[in-house]
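Chains, contacts and geometry: an overview
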Amino acid sequence: MLEGEYAYSFFLSLVPATQRFRLNTTLRRAESKVSKWLVGQGTLMLILGVTSTIVFGLLHVRYFVLLGFLMGLFNIIPIAGGVITIVIAALVAALDSWTKMAEVLIFYLVYVNVENAILIPRIMRSSVNLMGLTVLVALLLGTSLAGIVGALVSVPTAALITVLLEEYAVRKDSSA
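What you are looking at is a predicted structure, and each value in this text was computed from that prediction instead of being measured. (Residues numbered from 1 in each chain as written. Predicted model: local features only at pLDDT ≥ 70, side-chain atom pairs only at ≥ 80, totals over all residues. Heavy atoms only, no water.)

**Focus on the nonpolar core**
Proteins that are soluble and globular tend to have nonpolar side chains buried together. Ranked by size, the top nonpolar core spans 27 residues in total, and within it F56, V61 and V104 carry the most contacts. Of all the elements in the fold, those that place two or more residues in this core are α2 (17–58), α3 (64–74), α4 (80–94), α5 (98–127) and α6 (132–168). With eight residues, the top contributor of residues to this core is α5. Residues contacting V104, with those up to four places away along its chain left out, are F56, L59, V61, I86, A89, A90 and A93. (Core = buried A, V, L, I, M, F, W, Y, C linked by side-chain atoms within 4.5 Å. Buried < 20%, exposed > 50% of the residue type's maximum accessible area, 1.4 Å probe, protein only. Helix = DSSP H or I, 4+ residues; strand = E, 2+ residues; numbered from the N terminus. Contact = heavy atoms within 4.5 Å.)

This is how it looks when you write it as structure tokens:
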């Protein structure tokens, strides 16, 4: 990481001089897109963590601060992270009562629907501008190829691939 810019310059120097500027511009656009995805994902993690902490606190769930923190933190892992943390939160709530467990599950069901219908489209569309189908296919491929690590890197990789395809594979209409 300390020598990232040096390594980048070295590998860029391996490309023919006539193509170097174009590749540099494309990779800088890709870096910007991946950085925006990271900010968007961090925003979603923060929203889930804070919301979970508040709701779990209002429901008097034991260890509500820790559970809220874990909900936000594990949200970086698509699909599986949410499932893991809601199971843990539901089990902790079940130690007090089945009603409390049901309330935790209802909260998460409502939150997931709000996140999928409102938050993700607005936050991720403005940050990464990837179609939902692209994200889903990337997640499925990443998870099947490399498990949780594949799921973690699948969306940024899809963003990188779309930038490269836009620059090198998609023909631009000269009349536009």
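**Quick look at the packing of aromatic side chains**
Remark: the centre distance and the inter-plane angle together describe each pair of aromatic rings, the angle taken between the planes. Counted by the stated rule, this structure contains three aromatic pairs. Relative to F11, the ring of F10 lies with its centre 5.3 Å away and its plane at 70°, an arrangement referred to as edge-to-face. Accessibility expressed as a relative area gives 42% for F10, which makes it partly exposed. Look at F11 and you get exposed, because its relative accessible area is 53%. Three or more aromatic residues link up through ring pairs in this structure, and these residues are F56, F107 and Y111. (Phe/Tyr/Trp six-rings, centres within 6.5 Å; stacked < 30°, edge-to-face > 60°.)

**Focus: α3**
For α3, the complete set of buried residues consists of L67, G68, M71 and G72. One side of α3 carries all its buried residues, which in axial view fall inside an arc of 135°. The exposed residues of α3 that point more than 90 degrees off its buried face are V65 and F69. Tucked inside the fold, the buried residues of α3 contact α2, α4 and α5. (Arc of directions from axis to C-beta.)

**Section: the confidence of the model for the chain**
Of all residues in the chain, 97% attain a pLDDT of 70 or more, and the chain-wide mean is 88. Here α6 stands out as the least confident element of the chain, with mean pLDDT 85; α3 is the most confident, with 95. (pLDDT = per-residue confidence, 0-100.)

**What about the packing of α4 against α5?**
Packing of α4 against α5 leaves a shortest axis separation of 7 Å and a crossing angle of 155°. For the element pair α4 / α5, the angle class is roughly antiparallel. Where α4 crosses over α5, the two elements pack in a sense that is right-handed. Contacts between α4 and α5 pair G82, V83, I86, A89, A90, A93 and A94 from the former with W98, K100, M101, V104, L105 and Y108 from the latter. For the contact of α4 with α5, the residue count by class is eleven nonpolar, one polar and one charged. (Axes fitted to C-alpha atoms, helices over the stretch in contact; angles between N-to-C directions. Parallel < 35°, antiparallel > 145°, perpendicular 65-115°, else oblique. Left-handed = near helix turned anticlockwise from the far one by under 90°. Nonpolar A, V, L, I, M, F, W, Y, C, P; charged D, E, K, R; others polar.)

**Looking at the layout of surface pockets**
Quantified by volume, the largest pocket comes out at close to 740 Å³. Along the walls of the largest pocket sit 30 residues, with E115, N116, I120, V135 and L139 positioned nearest its centre. Every element with two or more residues in the lining of the largest pocket is listed here: α2, α4, α5 and α6. Top contributing element to the lining of the largest pocket by residue count: α5, with nine residues. In this structure, the second largest pocket spans a volume of roughly 180 Å³. Lining the second largest pocket are 13 residues, and of these A138, L141, S154, A158 and I161 lie nearest its centre. Counted by class, the lining of the second largest pocket contains seven nonpolar, six polar and no charged residues. (1 Å grid on protein atoms, 1.4 Å probe; cavity = no way out; pocket = protein on both sides within 12 Å on 5 of 7 lines; lining within 4 Å. Points joined across faces, edges and corners; volume = space filled by probe spheres on them.)

**Things to note about the environment of S97**
Looking at where S97 falls in the secondary structure, it is placed in the loop between α4 and α5. S97 sits in the partly exposed class, given a relative accessible area of 26%. In this structure, the C-alpha to C-alpha distance between S97 and R28, residues 69 residues apart in sequence, is 53 Å.

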